[in-house]
Amino acid sequence: MILEFIVIELTRKLVETWGPPGYEHRIRGIIRDEVSALAGEIWVDGLGNLICRLGSGGKKVLVAAHMDEIGLMANYQEPESGYLRFTAMGGLRADTLNGNRVLFEDGTVGVIAVQNGGGKSLGDFYIDVQIDDDRNAIPTGQPAGFMREMQMRGQRIVAKSLDDRIGCVVAIEAMRRLDRQAPNEVYFAFTVQEEVGLRGAKTAAQGVGPDIGIAVDVTGSGDQIRGRKMLVKLGGGAAIKVHDPGLVVPVAIKNWMIDRCETDGIPYQLELLAGGTTDASAIQLADAGVPSGCISIPTRYLHTTSETVDIRDVGACIDLLSGLLANPIAI
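Note that this is a predicted model, so its numbers are computed, not measured. (Residues numbered from 1 in each chain as written. Predicted model: local features only at pLDDT ≥ 70, side-chain atom pairs only at ≥ 80, totals over all residues. Heavy atoms only, no water.)

### Quick look at the overall build of the protein
Turning to step 1, where the next piece is worked out: When its secondary structure is counted, the protein shows seven helices and 18 strands.
Turning to step 2, where the next piece is worked out: Radius of gyration (C-alpha) of the protein: 20 Å, near the 20 Å computed for a compact globule of 331 residues.
Turning to step 3, where the next piece is worked out: Projected onto its principal axes, the C-alpha coordinates of the protein cover approximately 65 × 45 × 40 Å.
Turning to step 4, where the next piece is worked out: Taken across its 331 residues, the protein has 54% of its residues classed as buried.
Turning to step 5, where the next piece is worked out: Within the protein, contacts between residues at least 6 apart in sequence are counted, and of these 75% link residues at least 24 apart.
Turning to step 6, where the next piece is worked out: For the protein, the exposed surface amounts to about 13600 Å²; the carbon and sulfur share of it is 49%. (Helix = DSSP H or I, 4+ residues; strand = E, 2+ residues; numbered from the N terminus. Rg over C-alpha atoms; globule rule 2.2 N^0.38 Å. Buried < 20%, exposed > 50% of the residue type's maximum accessible area, 1.4 Å probe, protein only. Contact = heavy atoms within 4.5 Å. Areas by Shrake-Rupley, 256 points an atom, 1.4 Å probe, with all protein chains shown as cover.)

### Comments concerning unusual backbone geometry
Turning to step 1, where the next piece is worked out: Across the junction of D163 and D164, the peptide omega takes the value 5°, indicating a cis bond.
Turning to step 2, where the next piece is worked out: Along the chain, D164 falls in helix α3 (residues 162-178).
Turning to step 3, where the next piece is worked out: One non-glycine residue, Q193, lies in positive phi territory at about 55°.
Turning to step 4, where the next piece is worked out: By the secondary structure assignment, Q193 is in the loop between β12 (185-191) and α4 (199-208).

### Some details on the packing of helix α5 (residues 251-264) against helix α7 (residues 311-325)
For any two helices packed against each other, the geometry is given by the interaxial angle and the distance between the axes.
Turning to step 1, where the next piece is worked out: Between α5 and α7, the least distance of the axes is 10 Å, while the angle of their chain directions is 105°. In terms of their interaxial angle, α5 and α7 are classed as roughly perpendicular. Contacts from W256, M257, R260, C261 and D264 of α5 reach α7 at L320, G323 and L324.
Turning to step 2, where the next piece is worked out: In terms of residue class, the contact of α5 with α7 is made up of five nonpolar, one polar and two charged. (Axes fitted to C-alpha atoms, helices over the stretch in contact; angles between N-to-C directions. Parallel < 35°, antiparallel > 145°, perpendicular 65-115°, else oblique. Nonpolar A, V, L, I, M, F, W, Y, C, P; charged D, E, K, R; others polar.)

### Considerations on helix α2 (residues 25-35)
Residue pairs spaced three or four apart in an α-helix point in one direction, given the helix's 3.6 residues per turn.
Turning to step 1, where the next piece is worked out: Buried residues of α2: I27, R28, I31 and V35, and no others. Projected down its long axis, α2 carries its buried residues within an arc of 100°, all on one side. (Arc of directions from axis to C-beta.)

### Quick word on a nonpolar patch on the surface
Turning to step 1, where the next piece is worked out: Among the surface-exposed residues, L231, L270 and L272 lie close enough to one another that they form a single nonpolar patch of about 280 Å² accessible area.
Turning to step 2, where the next piece is worked out: Looking at where L270 falls in the secondary structure, it is placed in strand β16 (residues 268-272). (Patch = residues over 30% accessible without salt bridge, like charges linked within 9 Å, V, L, I, M, F, W, Y side chains within 5 Å. Salt bridge = Lys/Arg side-chain N within 4 Å of Asp/Glu carboxyl O.)

### Considerations on the pairing of strand β11 (residues 156-159)
Turning to step 1, where the next piece is worked out: Going residue by residue along β11, you find R156 and V158 tucked away on one face and I157 and A159 tucked away on the opposite face as well.
Turning to step 2, where the next piece is worked out: Bridge analysis of strand β10 (residues 151-153) against β11 gives three bridges, and the strand direction is antiparallel. Pairing of R153 across the sheet is with R156, part of β11.
Turning to step 3, where the next piece is worked out: A loop of two residues connects β10 with β11, the two strands running antiparallel in sequence, and G154 in this loop sits at a positive phi of about 65°. (Pairing = 2+ DSSP bridges.)

### Remarks on the sheet that holds β10
Sheets are built from strands paired through backbone hydrogen bonds, the pairs being either parallel or antiparallel.
Turning to step 1, where the next piece is worked out: Taking strand neighbours across the sheet as the criterion, the three strands line up as β10-β11-β18 in an open arrangement whose pairing is antiparallel. Each edge of the open sheet carries a strand with a single partner, namely β10 and β18 (307-310). Averaged over all adjacent pairs, the angle separating strand axes in this sheet is 25°, with direction ignored.
Turning to step 2, where the next piece is worked out: Examined bridge by bridge, β11 and β18 share four bridges and lie antiparallel to one another.

### Quick word on the pattern of salt bridges
Turning to step 1, where the next piece is worked out: With the rule as written, the count across this model stands at 16 salt bridges.
Turning to step 2, where the next piece is worked out: Residue D310 pairs with R312 through a salt bridge whose shortest N-O separation is 2.7 Å.
Turning to step 3, where the next piece is worked out: For D310, a relative accessible area of 0% corresponds to the buried category.
Turning to step 4, where the next piece is worked out: By relative accessible area, which is 47% here, R312 ends up partly exposed.
Turning to step 5, where the next piece is worked out: Residues joined in a network through salt bridges with shared partners are K13, E34, E173 and R176.

### Focus on the environment of Y126
Turning to step 1, where the next piece is worked out: Mapped onto the secondary structure, Y126 falls in strand β8 (residues 125-128).
Turning to step 2, where the next piece is worked out: Accessibility expressed as a relative area gives 17% for Y126, which makes it buried.
Turning to step 3, where the next piece is worked out: C-alpha of Y126 to C-alpha of H303: the two residues are 177 residues apart in sequence and 19 Å apart in space.
Turning to step 4, where the next piece is worked out: Not counting residues up to four positions away in its chain, the partners in contact with Y126 are Y83, L84, R85, F86, V111, I112, A113, V114 and Q115.

Function cannot be read off these values alone, since they describe shape.
Structural data, given as structure tokens:
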């Protein structure tokens, strides 16, 4: 119960923090405060990744969880109404936008609306940031993230930006368990700009030069009515990736994760994702190639303001990641 409370409150702090792609400075500061006593060395690379090193000897392992959330950029102001048009920063879903509120960095709140007869493309939408009849509270060229408070429903967490702040929670809690000690040289990278092309993972992997890569990210679930067909479900445990469009997980990496789950009694399920990919697909291409895998947190309603995870799956992912890193790696 104590662990659940800590995880829930840390998750609340992270998901309610503003941080669209390329503008992760606020969330990076909060994560840095959380991990400052947990690593032997901490730095920010040239792209903005927060990288934390702990342990020594053995394999060099890079663990990546991305800090950014989907957002938007105001790129044009209608001359008569002043309404703002916008472009996507990440995978916006047009079917979820109408009526949502967005937050600009200066605290301005905008409301997304759709013009009559529209709703199928981003060009049909606009943001209302009017203060009164003629004045707007924000100019073009400003990024925004979505607004929504986190809620608990039994064992379920419902929030925006669980993709991938919940992965950051898993990484932070694994660092806490390791307590600066590991039989391997471990680098935790809290990466930037994943939602716009896995950019942070590319520079982090090139900078660290790991022997093994592990991404910690969300994945879809197959337990929704008329939803996608996949094996993963909420409450089924940590999802061990086998394949996605950007990554074919090496058998040795997959079996390493499965063996750890079976040895430690951690509930797990296998993930075969038909669409999307993670930081692991960028890490694997660093230098001459890095064997890489992914620990995934099952999530419903991805890329909406009501993403949903099960706290028991989060705990299983923490157990798996910390178990992998606390033991010598023989692969």
